[in-house]
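Listed below are the residues making up each chain.
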Amino acid sequence: MVSGLIVTIVGMSVVFLFLTLLVVTTTYMSKIVLKFFPEQEKPAAPAVRKSSADAEIAVAIAAVKAHTKS
Amino acid sequence: MVSGLIVTIVGMSVVFLFLTLLVVTTTYMSKIVLKFFPEQEKPAAPAVRKSSADAEIAVAIAAVKAHTKS
Amino acid sequence: MVSGLIVTIVGMSVVFLFLTLLVVTTTYMSKIVLKFFPEQEKPAAPAVRKSSADAEIAVAIAAVKAHTKS
Amino acid sequence: MTFGQTISASFRELWLTTGIFGFLQEGGWGNVVMIVVGFGLLYLAINKEFEPLLLVPIGMGAILSNIPFAEIAAHSSLHGEFVQGALHLHEVSGGFIGMFYDFGVTSGLFPLLIFMGVGAMTDFGPLLANPKTLLLGASAQFGIFIALLGAVALGEYVPGITFNLYDAASIGIIGGADGPTAIFVASRLSKDLLGAIAVAAYSYMALVPIIQPPIMRALTTKEERQIKMEQLRHVTKTEKIIFPLSVLGACILLLPSATPLLGALMFGNLAKECGVTDRLSDTMQNALINIVTIMLGLAVGSKMQAEQFLNLNTLGILALGLVAFCIGTATGVLLAKLMNKMSKKHPINPLIGSAGVSAVPMAARVANKVGLEENPNNYLLMHAMGPNVAGVIGSAVAAGVLLALVPVLG
Amino acid sequence: MTFGQTISASFRELWLTTGIFGFLQEGGWGNVVMIVVGFGLLYLAINKEFEPLLLVPIGMGAILSNIPFAEIAAHSSLHGEFVQGALHLHEVSGGFIGMFYDFGVTSGLFPLLIFMGVGAMTDFGPLLANPKTLLLGASAQFGIFIALLGAVALGEYVPGITFNLYDAASIGIIGGADGPTAIFVASRLSKDLLGAIAVAAYSYMALVPIIQPPIMRALTTKEERQIKMEQLRHVTKTEKIIFPLSVLGACILLLPSATPLLGALMFGNLAKECGVTDRLSDTMQNALINIVTIMLGLAVGSKMQAEQFLNLNTLGILALGLVAFCIGTATGVLLAKLMNKMSKKHPINPLIGSAGVSAVPMAARVANKVGLEENPNNYLLMHAMGPNVAGVIGSAVAAGVLLALVPVLG
Amino acid sequence: MTFGQTISASFRELWLTTGIFGFLQEGGWGNVVMIVVGFGLLYLAINKEFEPLLLVPIGMGAILSNIPFAEIAAHSSLHGEFVQGALHLHEVSGGFIGMFYDFGVTSGLFPLLIFMGVGAMTDFGPLLANPKTLLLGASAQFGIFIALLGAVALGEYVPGITFNLYDAASIGIIGGADGPTAIFVASRLSKDLLGAIAVAAYSYMALVPIIQPPIMRALTTKEERQIKMEQLRHVTKTEKIIFPLSVLGACILLLPSATPLLGALMFGNLAKECGVTDRLSDTMQNALINIVTIMLGLAVGSKMQAEQFLNLNTLGILALGLVAFCIGTATGVLLAKLMNKMSKKHPINPLIGSAGVSAVPMAARVANKVGLEENPNNYLLMHAMGPNVAGVIGSAVAAGVLLALVPVLG
Ligand code: NA
Ligand code: NA
Ligand code: NA
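What counts as what
- Residues numbered from 1 in each chain as written.
- Chains lettered and ligands numbered in written order.
- Predicted model: local features only at pLDDT ≥ 70, side-chain atom pairs only at ≥ 80, totals over all residues.
- Heavy atoms only, no water.
- Contact = heavy atoms within 4.5 Å.
- Buried area = accessible area lost by both parts, 1.4 Å probe.
- Salt bridge = Lys/Arg side-chain N within 4 Å of Asp/Glu carboxyl O.
- Polar contact = N/O pair within 3.5 Å; in protein donor to acceptor, adjacent residues only side chain to side chain.
- Helix = DSSP H or I, 4+ residues; strand = E, 2+ residues; numbered from the N terminus.
- Donors = N, O, S within 2.8 Å, 3.2 Å for Na, K, Ca; no water.
- Buried < 20%, exposed > 50% of the residue type's maximum accessible area, 1.4 Å probe, protein only.
- Pairing = 2+ DSSP bridges.
- Axes fitted to C-alpha atoms, helices over the stretch in contact; angles between N-to-C directions.

Describing the interface of chain D and chain E
- If you look at the interface, chain D gives 51 residues, while chain E gives 44 residues.
- Regarding the contact of chain D and chain E, the summed buried area is about 4100 Å², with carbon and sulfur atoms giving 78% of it.
- Broken down residue by residue, the surface that chain D buries against chain E is led by Leu89, Phe96 and Ile294 of chain D, which jointly contribute 14%.
- Across the chain D-chain E interface, the total number found is one salt bridge.
- Across the salt bridge formed by Lys191 of chain E and Glu91 of chain D, the nearest N and O atoms sit 3.4 Å from each other.
- Between the two partners, chain D and chain E, sit 13 residue pairs in polar contact (both at pLDDT 80 or more).
- Elements supplying a minimum of two residues to the side of chain D that touches chain E: α1 (3-15), α2 (19-24), α3 (28-47), α4 (52-65), β1 (77-83), β2 (86-93), α5 (96-105) and α17 (278-301) of chain D.
- Ranked by the residues each element gives to the side of chain D that touches chain E, the list is headed by α17 of chain D, at 10 residues.

In structure tokens:
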């Protein structure tokens, strides 16, 4: 019973400490990011292109196919 | 050779008994279902929505995205 | 050091021999194929149908569904 | 023996392998009960749509594993020659569900792969827009520890219930409302209870729309439920990339025992958010998580074997799991009320506190629905997603503490 | 040695690792033959489109496993330290196809996962609309047992052929016209014949359009082939959900030895029909079954190793497999004729009896095609799907009987 | 102890499990460094898009594996009872990344599955249209052997560097510019260096656009870079089907030690080209390769553990890997120049020689880009794809020689 109580007290303390720490770090992280790395006006471009390697493979293959089929 | 014959006789008997049993149970199952759980007139709705959890996730994410991007 | 040199000499020789052999066989293979198995004028058909088993399953299922839903 | 006698002897041999004969042996009734329970889970999953993605495989696992003589959940055996420093394999035997259990569950692998997929499906945006809601995800973990205390008490004072601290911790984690976390912790601390714990965790997650609303209404006033929250700000891609890394960093520094869970979650999330590994993120969210869900569900169901399941302990687990859910919901709501009272500038609708138990995204939807009942224009869904995903982090942290502390104290 | 001598010594060493050198050693000609057979399978799969999804991996497995010195099909070894109650792994070695075989085939895992996917692809609707066709799926299993008898006879009376009852049962199951069932049974009863049995099963399944029509025509009159069947009734979703569960229930009560196969099949089917686990059903039908098909095909091909394959037994298996297919087709058609005579109210076109051998959906298409030849407006496809999927159940039941009975009698 | 004392004792126990405490222990600084390196790899992968599909999992693997006390990369252990000829499993333990490493990397399985997927994504058409370019794929392998010589020299003459012939071969293969080949060879010959070798291989592959152009420009004249090549002829489907089989055939006859790699590659390619196994080819290219990429990346990253990584050897590997890349690029270009001089009829732009190092398709794109700088109408991409895929074959052949020869000589 005693060890159960200990786990409870220590456990909830750690949970709250840890998540409070995350609140603080996340808040500061966001501030820093928004200040120093504000999002560009047009973030559409990176959303369109998928993983670069894929894209390149696709390009290469498409080019090759287009050619060999002509 | 004898054991082969035994396996054959016992085996085909069981196969026919089992599938005959299935004929009977399936026939009765269908009768009961058609009598007590007839299909509703418009079963289109359930066909459209996929697994509910998925749908909810999709809704939630879509809502969030729609918002955070605005 | 000596074994390193040996590996290098033997290794590069084999790489060149092997790929030279491939140049030769590939060239002849292509010549034979182009002579005896020239591509038909309309190779579009096989590109459309996917793996035949799939297609058959799809056909069968579609037919069944079309029917049972009517 | 004549030929006719041999034939009838063969039929008798066959009769000795039937399920009916098996059920009539000692303990066979337990298998019947568990098979019925398995069919019951299928009914709930399919007809009531209670977490079907998990309960269909779990129910099927329970059915298949309780079939007499079929040995579908038999442990794996590796057959071969033992020589100095090696086992040369000839053959692997065992039931197919038993193999999933041995290689995927006892090792902790499957819950972690699920968490990877969950990470790849999670959007931490609402949490980043309102980081305070992390605290709601902390508060809702009270349910875990209250249930743990209850389990210790039951184990000490109720005859027929045998929970020790390891078991109590595994039972408590049901209150985390997070299936993979519960399975991961139970597989580490209390394997024998795994089946009952997993079933309780997923059942109550499925019952969230029934369990939570009365508690939410009882603890809040009409005015509180009508509170309108400020629109969430836009969150940049950079923040979304840095967040999983910073959570992982904090976890490395302070709580390594939670890093398998949070590491897998944040790896999946990073793969999704970084924008250059869409192939991997797509696979984590689809093929990989689905394959593992099938195997994990069957394996968890296979732990619903009569001898291990049909006893007072299981009843205790089901009761405590419900308690844990209710308390987690309540403490989530109560902290939200408190936060609302302390900071007047940014009003918080206390209903979103209930989403802190996790059960993503069901709990957030419930908060939204209860809110709409009072004010049809007050959409809380996005606001509730913050505490909802915070609850996942919160229960992983709680799991980390339990994994670190229980072996020392127990 | 001078440097030049060392160089040429190295080339000599390299020569000792070439395939040409390997083929010239004792028994090396067998590897050459099997590699040629492997290329032959690829030719049939690609050019003739004989079950390419299986024969391409099987052919490639046969080729790769017969390469001298490459050890691609070598059994796995687990290297590490043995301590009290545990093996601490350092390393796993073995050929990659050998690993697939050890972990996926000897354990029975891969055929069951395939069956899960097959279940998720199967529509039992036509069977439910006309349950009598289940009997056609029973009748077509005569092929299994006649071939079994033939194998016992060959084993007793033909020198050089060594079939015992275990082998005979595994050979007979080729007549089930169902690849995974054949592999599952052979991996349980007669591992050494696995390669030949799997190859025979898939080859004859691929040859269904050639093997069946003459038999079908010989056993039916023109009038019978022109019989038009009533349109199948609509089957409700509820029936489709209950059917897999009721088959599983019957199998639990009467034939637990068939529950791994039928349980996997019906789990997959339930996941498809229940409508709330589409994610899982999609994965079973695609990523999972494809991955397993690749690995299973390679592993089956790896059993086509010269020593085990190039003998009279293989010839016997190929001959008996063909016999089993022909007899199964014939008995399916004959029972359909009988049923047609007995019930005048609901006419049955005897051609659909041939679909009872399984080989889904090829056999149903063949029935359809032969029917169209006589009456261009008589589409039998849907009617033939009933016996076709019944044949899958029928051969799983036959497999269950064999798995239960042969170890007792053999 | 009072209750308060017990509580603070528990906090102290928890402190002993924190990462901070772990980092302060002996050798803990090394873990810090490697975690920072891991974050650095994530930065390069995400911000600079250096091979993100591999470097994100590798970076995450490096981070997770260096967390104190978390044991995420711990080797697997199989727990159970040893009886005559069998190990009856009860439990599998170990870190989840450790399991990927044990079962997928030490066995060589994962790189082969990746190669299967690469094969299913590769179009050998440009190579078939111009088979001479195979020689460029041979020439670019000089980098492998020069680096091997360098590694042997470093191992002999530089104190603190301990490379033997096995290590040297594994290091040299970095010059093959082919991740799975490098991992396969290193896992066979030199497991301890696996992490550094894989990281070097993928890093330099990512740096191809930076490393290659200066070398290409230095070795060619402006006129050479402007050479326009003839349009590639159309390649028939039959040629594309026969090509993988003929490469495999040659490899079987002459170099069985390369057949695991080339067999997997050509199996994947055949599945793609044969046109009747699209299901399998789709899965190889997507679900299967992605799942394996995730697991392989994490497992490779887990070999970046402080003790094994932070030493002079790693520096040597990074330096030699760069040398290998540069030399491979140079020898590729030089042979292309030579070929251009010898055959006036079919002009060859020497820039495409650089693509012979593999690094598909990046190196081909680089050749294309450098060509466009001189002549904006000269598209070399398709021409460079020939040597590019030839480079994959070339390094697999070189790997085969090393695997056959090094154990004899080392
Ligand atoms: Na939670
Ligand atoms: Na059958
Ligand atoms: Na290369």
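Re the coordination of the sodium ion (ligand 2)
Residue and element names in this part refer to chain E.
- Those protein atoms acting as donors to the sodium ion (ligand 2) are Gly176 (O), Val357 (O), Ser358 (OG), Gly391 (O) and Ser395 (OG), and they sit at 2.0 to 2.9 Å.
- Within one chain, the residues serving as donors to the sodium ion (ligand 2) are arranged as G-x180-V-S-x32-G-x3-S. Remark: Gly391 occurs in helix α21 (residues 381-409) and Ser358 occurs in the loop between α19 (312-342) and α20 (362-374); sequence separation between them is 33 residues.
- By relative accessible area, Ser358 is classed as buried at 0%.
- The class for Gly391 is buried, based on a relative accessible area of 0%.

Brief notes about unusual backbone geometry
- A cis amide bond links Val360 of chain D with the next residue in sequence, Pro361 of chain D, at an omega value of -10°.
- Tracing the chain through its elements places Pro361 of chain D in the loop between α19 (312-342) and α20 (362-374).
- Backbone geometry at Phe69 of chain D places phi at a positive 70°, although glycine is not the residue there.
- Relative to the helices and strands, Phe69 of chain D is located in the loop between α4 and β1.
- The phi dihedral of Ala359 of chain E is positive, around 50°, even though this residue is not glycine.
- Turning to its location among the elements, Ala359 of chain E is positioned in the loop between α19 and α20.
- With a relative accessible area of 3%, Ala359 of chain E lands in the buried category.

Quick look at the sheet that holds strand β1 (residues 77-83) of chain E
- Reading around the barrel, the six strands line up as β1(D)-β2(D)-β1(E)-β2(E)-β1(F)-β2(F) and close back on themselves, with antiparallel pairing between neighbours. Within this sheet the neighbouring strands show an average axis-to-axis angle of 45°, counted without direction.
- The pairing of β2 of chain D with β1 of chain E spans three bridges and is antiparallel. By the bridge assignment for β1 of chain E, Ala86 of chain D is matched with His79 of chain E.

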